[in-house]
Amino acid sequence: MKITISPKAVAKDVLKDASMKKQKEMMAEHFDRLADAGHTGAKVASTFVPGNLNELIMCFDLVNNLPEVNAIQSGMRRQSGAYVMEAEKAGHSEDVCTYVKSDIGMMAKGNIGPNGRKLPSPDVLLLSYTGCFTFMKWFELLREQFKCETIFLQTPYMADGTVTPNMVAYMVKQLKEDVIPKLERVSGVKFDIDRLREYLKKSAQAEDDLVYILQSARNKPSPIDAYFGGIYYIGPIFGAFRGTDDAIDYYRFLRQEVDQRIAAGLGPVTPDGPMEKEKYRLVVEGPPNYTNFRQFWKMFYEEGAVVVASSYTKVGGTYDFGFRHDPSRPLETLAEYCLGVYTNRSLPMRIDMLAAYVEEYEADGLLINSIKSCNSFSAGQLLIMREVEKRTGKPAAFIETDLVDPRYFSAANVKNRLESYFQMVEQKRGGAAKGVAA
Amino acid sequence: MSAPSTGDIVARCQDLYEDLDFTAARQWKEAKKGRKVIGFMPVYIPREIIHAAGMLPLGILGGGDQLEVIHGDAYYQSYICRIPRSTIELGVTGRLDFVDGMLFPSICDVIRNLSGMWKVMFPRVYSRYFDVPQTYEDEIGGTFYVGEMTELRRDLEEIGGRKITDKALRGSIDVYNKNRRLIRRLYEARAQRPWQMPAWEVYLVVRAGMVLPVEAHSEIIEQYIAAALAEDKPVRDNSRVVLSGLFCEQPPLNLIKSLELSGCYVVDDDLLLVTRWLIGDVPLDGDPIYNLAQAFLHHSESTAAKYEPDQEEKGRYLVRAVKRTGAEGVIFTSPSFCDPALLDRPMLQSVLKSAGIPFIAFKYAENSGQMQPIREQAGTFADSIKLWSAA
Ligand code: SF4
Ligand code: SF4
């Protein structure tokens, strides 16, 4: 199909897409709710994206504040560099996770949120300890600062690729005997399990649409970019909206838009308009770089590379293998949700998942973006790369950046590596074609 | 036969330390048909269960500064600590080919991911990530931990082809209680007379317990304490320091020596914590697994790999260690890129600051060769401590 309208015009139209407008409004309202908490008397819970128990938090009328999302926002607004330096000046090591340092630096500099207003101090830290060791220290650091109630919910690691009854029982016990009573105490709201069920029902509805959207990348061309675009798509469900009507609406709109793009044979929407020709289909492992997010993305779409599946869009929940929040087993389902997030999956599970993505999404190969300061993702990625390459026979490549520390984003390096990778893919294709011809 | 001197004992321990082929453990295994060896990494494993299975728990602590890492570097980016890559090197080069199982305790994301790598790279070897509770209520974390230990017990029963009885477990707890008591005695003796027991010697003596059967190790410690206290060594005008942050990747022996050469007496440290993780004796009566769980929950050491539920208690253990040992300062020395140690450090430092305890910090790698900067820093620190206390 030949597209005759100019990409810029489409971009403008797309900018007005219902889903995008909806998401913007949702985020603005959310940050206002947070900033207004001081006047409205709303209580605030800080928690993490992996293992985010938004439905439970809402049962206590608490507003969900996510330090990781704040760090991402700081990265996107190019403020994280200064924040990281501020934290390092205060004695934090240059070696550790830059999310933590961005958060700490941001607090030191007045704790100003993306809407330019001060973020509130949390009333409770709900440490959902899922898939990353840094979380534990991060919340100890926050507790030192805010001196508020800290609740620890431990998610056992899925080391053997299975969820054992001991794991679920442990989590449910923590929820019943520790997490819920403490949340009741902090919020003054009595726990109502039926309210939780209602939220969970809504979560599952939005999750169905999210999976549909992510799996739409099986189409050729893919109507979405499942990494750069995917980061926007996961925002509401990984953040403060899972279990709300807003999330249901957002994913419904998005699904409709994706359907329209599929019907029109269109590729993903990029900041420069729709991608015209899909040349490469990639699976990406690892978080993105946020300080140069646009520039990073551009290096892909300029070359006609679209990401058809990514592991990062599973950090706040892995839904594409069938898991949905189940209102009939409210506490168990929360436990299983936490257990299943990507970072809580063993390395062999990660390999299986990525190799399966390469096959299912008919990708040209795997690209790993290794984050300098994130051990949870980075340790073992070179083995992941080799194994996926071995199993799929498709080429893999490795680039290195950081999440929110601009010092570790070298555009020239990344671009070089990407270019050689695309050449490798071409060669492989050429080789395969020759093989067929011979 | 006359009692061995510290020189003899330390020389034997140094041989064990330097032997990257683990000959002693191999010999133990070969001495009797059917014997099994279970490797484990830092920071803590209930070795009693392995011992009760009739197996040898073998501490795997990376390759130190003598191992040439050729393959391991291909598995790790430059911004990840050294211990996983040298451990992989040990595996890939066949140095661990006699090991029947590997345990990867919950300490950090690197070791956690290494547990999965081991499964992929050495699929025929039993490998298990050993999770521990980070919540300390008996009914919650305790129950979970009993479950984890029970699974480990079952796995080892399968590998060993025999039941691990409660009686055997109690017997093992007994020998480890004795070992822990001796190590504590050693640490206390060193804190009192650090000039008699140089830190590098104490390290080697304790480290021997990573490769020897516990009974033989206890004997060595007893001999060393007796020999060290019997020898007369000159007292130097050193400053007394506690070391913090060395609980996983091991510092080069030269680093420990350098600290003493630069004017510091090490009176406490967090090296090889597995040997004294549990504080006090684990009771011998009742359910042994339950007793081990109770000891873990309520009577165990603090370290960065563990969650501290009580803000008031955060870092206090370090202040207590300083008081208990009469130390004058703390040296934070941890491996580069070590998340737990480095993320914890600022919190510990602020506790020390409020307690008026001086400290310095630097990083190392297990294969660091250049000791001059460390010597200078530690020397300046030792001097300044003296100046402060004189003022
Ligand atoms: S997963 Fe990585 S980036 Fe996220 S908090 Fe943990 S260490 Fe930091
Ligand atoms: S040295 Fe630190 S980061 Fe490395 S494996 Fe050990 S605890 Fe983990």
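Fair warning: this is a prediction, and the values are worked out from it, not measured in the lab.

Caption draft 1: Main features of the packing of aromatic side chains. All names here are of chain A. Inspection of the entire model under this criterion finds 39 aromatic pairs over all chains. A centroid spacing of 6.1 Å and a plane angle of 65 degrees characterise the contact between Phe293 and Trp297, whose relative ring orientation is edge-to-face. Placement of both Phe293 and Trp297 in helix 12 (residues 293-301) is noted, with a separation of 4 residues, approximately one turn of the helix. The class for Phe293 is buried, based on a relative accessible area of 3%. According to the relative accessible area criterion, Trp297 is buried, its value standing at 5%. Feature note: the residues Tyr227, Phe228, Tyr232, Tyr290, Phe293, Phe296, Trp297, Phe300, Tyr301 and Phe409 constitute an aromatic cluster, connected by ring pairs. Lying over the aromatic face of Tyr342, Arg350 brings its terminal NZ or CZ to 5.1 Å of the ring centre.

Caption draft 2: Spotlight on the domain arrangement of chain B. All names here are of chain B. Examined at the domain level, chain B breaks down into domain 1 (6-162) and domain 2 (168-193 + 236-390). Measuring from the centre of the C-alpha atoms in domain 1 to the corresponding centre in domain 2 gives 22 Å. Contact with domain 1, which involves 43 residues of that partner, is made by 38 residues of domain 2. Summed over both sides, the interface between domain 1 and domain 2 buries roughly 3,600 Å², with carbon and sulfur atoms accounting for 67% of that surface. Between the two partners, domain 1 and domain 2, sit 1 salt bridge. In this structure, the salt-bridge partner of Glu48 is Arg180, at a minimum N-O distance of 2.8 Å.

Caption draft 3: How the structure looks around the site of ligand 1. Taken together, A:Cys97, A:Tyr99, A:Cys132, A:Thr134, A:Phe135, A:Trp138, A:Cys374, A:Ser376 and A:Leu403 form the complete shell of residues around ligand 1. Split by residue class, the shell around ligand 1 holds 7 nonpolar, 2 polar and no charged.

Caption draft 4: Fine view of the sheet that holds strand 1 (residues 37-40) of chain B. Residue and element names in this part refer to chain B. Here we have 4 strands laid out as an open sheet, ordered 2-1-3-4, and parallel in their pairing. Each edge of the open sheet carries a strand with a single partner, namely strand 2 (56-59) and strand 4 (126-130). Across the sheet, the axes of successive neighbouring strands diverge by a mean angle of 25 degrees, strand direction being ignored. As paired elements, strand 1 and strand 2 share 4 bridges and run parallel to each other. From the neighbouring strand, Phe40 faces strand 2, where its bridge partner is Gly59. Contacts from helix 5 (residues 109-121) reach strand 3 (101-105) and strand 4 within the one sheet, and its direction differs from that of strand 3 by about 155 degrees.

Caption draft 5: Region of the structure containing the nonpolar core. Core analysis: the largest hydrophobic core is formed by 265 residues, its most contacted members being A:Leu56, A:Tyr99 and A:Phe300. Looking at this core element by element, the count peaks at 9 residues for helix 8 (residues 165-187) of chain A. Per-domain counts for this core show at least three residues from each of domain 1 (6-162) and domain 2 (168-193 + 236-390) of chain B. Contacts of A:Phe300, omitting those with residues within four sequence positions, involve A:Phe228, A:Leu282, A:Ala305, A:Val307, A:Leu367 and A:Leu418.

Caption draft 6: Representation of the interface of chain A and chain B within the structure. In this assembly, 54 residues from chain A lie in contact with 53 residues from chain B. For the pair chain A and chain B, the summed buried area comes to about 4,700 Å², and 57% of that belongs to carbon and sulfur atoms. On the chain A side of the interface with chain B, the three residues burying the most area are A:Phe133, A:Arg143 and A:Asn375, jointly 14% of the side's total. Where chain A touches chain B, the interface holds 5 salt bridges.

The rules behind each value
- Residues numbered from 1 in each chain as written.
- Chains lettered and ligands numbered in written order.
- Predicted model: local features only at pLDDT ≥ 70, side-chain atom pairs only at ≥ 80, totals over all residues.
- Heavy atoms only, no water.
- Phe/Tyr/Trp six-rings, centres within 6.5 Å; stacked < 30°, edge-to-face > 60°.
- Helix = DSSP H or I, 4+ residues; strand = E, 2+ residues; numbered from the N terminus.
- Buried < 20%, exposed > 50% of the residue type's maximum accessible area, 1.4 Å probe, protein only.
- Lys NZ or Arg CZ within 6 Å of the ring centre and 35° of its normal.
- Domains from an automatic or database assignment.
- Contact = heavy atoms within 4.5 Å.
- Buried area = accessible area lost by both parts, 1.4 Å probe.
- Salt bridge = Lys/Arg side-chain N within 4 Å of Asp/Glu carboxyl O.
- Near = heavy atom within 4 Å.
- Nonpolar A, V, L, I, M, F, W, Y, C, P; charged D, E, K, R; others polar.
- Pairing = 2+ DSSP bridges.
- Axes fitted to C-alpha atoms, helices over the stretch in contact; angles between N-to-C directions.
- Core = buried A, V, L, I, M, F, W, Y, C linked by side-chain atoms within 4.5 Å.

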